[in-house]
Amino acid sequence: KLITPVKNEIQNKRKLVIIPDDIIGTIAFEALFSLDNNETVEIHLNKLDFLIKNYDVVYNYSADLWLSTLKNQNLKKEDPLSLVGFAPVFKSENNEGLILSNEGNINDSLIYDLATRSGALHNETVKELNHSEEELDAIINLFKKSGYKYRAYLNKEASKNNFMENINNYNIIHIATHGFSNDKNPELSGLLFYDDNSKKDTTQNLEPKTKGFLYSGEMYNLNLDADLIVLSACETGIGKLINGEGIISITRGLLYSGAKNLIVSLWKVGDESTKDLMVSFYKNYIEGNSKSSALRNAKLELINNSETAFPKFWSGFVLIGVD
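Source: prediction; values computed, not measured. Throughout this document, residue positions are counted from 1 along each chain, in the order its sequence is written. It should be noted that, the model being predicted, local features are given only for residues of pLDDT at least 70 and side-chain atom pairs only at 80 or more, the latter also being counted only at that level, while totals for whole chains, interfaces and linings use all residues. Derived side-chain values reflect all non-hydrogen atoms in the structure, with water molecules and hydrogen atoms excluded from consideration.

Q: Would you explain the packing of helix H6 (residues 271-286) against helix H7 (residues 291-303) in this entry?
A: Helix-helix packing is characterised by the crossing angle of the two axes and by the distance between the axes. Here an angle of 0 to 180 degrees is reported between the N-to-C directions of two axes, which are lines fitted to C-alpha atoms, with helices fitted over the stretch in contact. Put simply, DSSP H or I for four residues or longer makes a helix, DSSP E for two residues or longer makes a strand, and each gets a number counted from the N terminus. Interaxial distance between H6 and H7 falls to 8 Å at its minimum, and their mutual angle equals 135°. With respect to each other, H6 and H7 are oriented oblique. Handedness of the H6/H7 crossing: right-handed. Residue-level contacts link Ser273, Asp276, Leu277, Ser280, Phe281, Asn284 and Tyr285 of H6 to Lys291, Ala294, Leu295, Asn297, Ala298, Lys299, Glu301 and Leu302 of H7. Under the scheme applied, nonpolar residues are Ala, Val, Leu, Ile, Met, Phe, Trp, Tyr, Cys and Pro; charged residues are Asp, Glu, Lys and Arg; polar residues are all the others, including Gly. Among the residues forming the contact of H6 with H7, the class breakdown is seven nonpolar, four polar and four charged. By the definition adopted for this analysis, an angle is roughly parallel if under 35 degrees, roughly antiparallel if over 145, roughly perpendicular if from 65 to 115, and oblique otherwise. Crossings are classed by handedness, with left-handed meaning an anticlockwise turn of the near helix from the far one by less than a right angle and right-handed meaning a clockwise turn. Two residues qualify as a contact provided that any one of their heavy atoms is within 4.5 Å of a heavy atom in the partner residue.

Right, dumping it as structure tokens:
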């Protein structure tokens with residue numbers, strides 16, 4: 001229904017730019033596949049002809065937005081790669097995960113057995129993200145070996161203040177943390193940074209209970225110049241579905257504020273598989289691949305591993321922008 005009608009038009013193309021409408025915006029097109037009449041789904045997962053095996057895939061919200069961002073990117077001089085990363089981790093032995101908040105509408109994702117990068121904001125603790133620290137360390141090592149500029153903020157240093165003070169000093173921003181989705185009030189969706197009660201929040205003068213939370217509504221005022229923002233967290237690409245507008249999520253605020261490209265998630269993602277995907281993405285990107293090609297290669301690596309071949313491990317992260 002989605003690919004066959006345009007099969008002839010996309011034949012022999014390298015990259016697809018997909019501008020989905022309505023509820024189709026929640027679909028990871030990369031995971032779509034076709035079967036011959038005599039085939040069944042029981043065949044080996046890594047043998048399926050997933051769309052990602054044939055194309056680089058980029059998403060956007062409208063043709064106008066895609067074209068205007070593309071023009072702006074082409075006018076800008078290419079700068080050497082540089083990265084700033086944030087990983088609060090929330091180590092349980094130090095009780096760093098305690099969140100003092102009463103935002104009752106925010107989605108509670110901790111009912112799942114799989115360690116995910118989403119959490120609850122109901123006077124509870126969020127899960128420790130062991131692999132997020134490993135993820136950022138590995139990414140930083142890649143940049144170090146390649147001679148590129150980098151900076152990592154781990155644990156207590158991964159605060160909202162440090163994020164706000166560094167967002168325009170690097171062309172890549174990587175955030176490995178818990179993400180929260182609020183379908184009823186998208187402006188209350190957001191990302192969790194380390195809640196440092198010992199410092200005054202200079203960004204919004206917020207109460208201590210919410211200082212570590214970067215709300216989606218705040219992201220429209222960031223004035224970004226980043227070429228790429230990677231939100232290595234849960235459900236950062238979903239939100240409220242509005243007629244004529246599509247999905248209103250964290251991504252809208254970041255694109256509106258000037259970010260050129262985003263890598264975001266469409267659902268709850270596992271901590272370990274996310275680490276593997278992200279490290280592979282940066283390895284491929286530093287080697288000279290485009291963003292979409294680097295993400296495709298990273299996904300193919302997970303597909304070729306029988307333990308992570310199932311689409312839930314690799315297809316949740318998508319690239320939004322112009323590549």
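Following the structure, the description resumes.
Q: Whenever I open this one, the sheet that holds strand E7 (residues 190-192) confuses me. Can you help?
A: Backbone hydrogen bonds hold the strands of a sheet together, and the pairing may be parallel or antiparallel. Two strands pair if DSSP finds at least two bridges between them. Ordered by their spatial adjacency, three strands build an open sheet running E6-E7-E8, and the pairing between neighbours is antiparallel. Of all strands in the sheet, those with a lone pairing partner are strand E6 (179-180) and strand E8 (213-215), marking the two edges. Here two bridges tie E6 to E7, and the two strands are oriented antiparallel to one another. Residue pairing for E7: Phe180 is matched across the bridge by Gly190.

Q: When you look at the pattern of salt bridges in this model, what are you seeing that I'm missing?
A: Pairing is possible between side chains of opposite charge, provided their charged atoms come close. Put simply, a salt bridge is a Lys or Arg side-chain nitrogen that is within 4 Å of an Asp or Glu carboxyl oxygen. Throughout the structure, instances matching the rule amount to nine salt bridges. Asp323 is the salt-bridge partner of Lys15, the closest N and O atoms lying 3.4 Å from each other. Separated by 308 residues along the polypeptide, Lys15 in strand E1 (residues 15-18) and Asp323 in the segment after strand E13 (317-320) bring together distant segments of the chain. Buried residues are those whose accessible area, probed at 1.4 Å on protein chains only, stays under 20% of the maximum for their type, while exposed residues exceed 50% and partly exposed ones sit between those limits. Relative accessible area serves as the criterion here: at 14%, Asp323 is assigned to the buried category. Glu218 serves as the salt-bridge partner of Lys160, at 2.7 Å between the closest nitrogen and oxygen. One end of the pair, Lys160, is in helix H4 (residues 160-166); the other, Glu218, is in the loop between E8 and strand E9 (228-232), with 58 residues separating them in the sequence. Summarising the burial analysis for this pair, Lys160 and Glu218 share the class buried.

Function-wise, these values are silent; they only describe arrangement.
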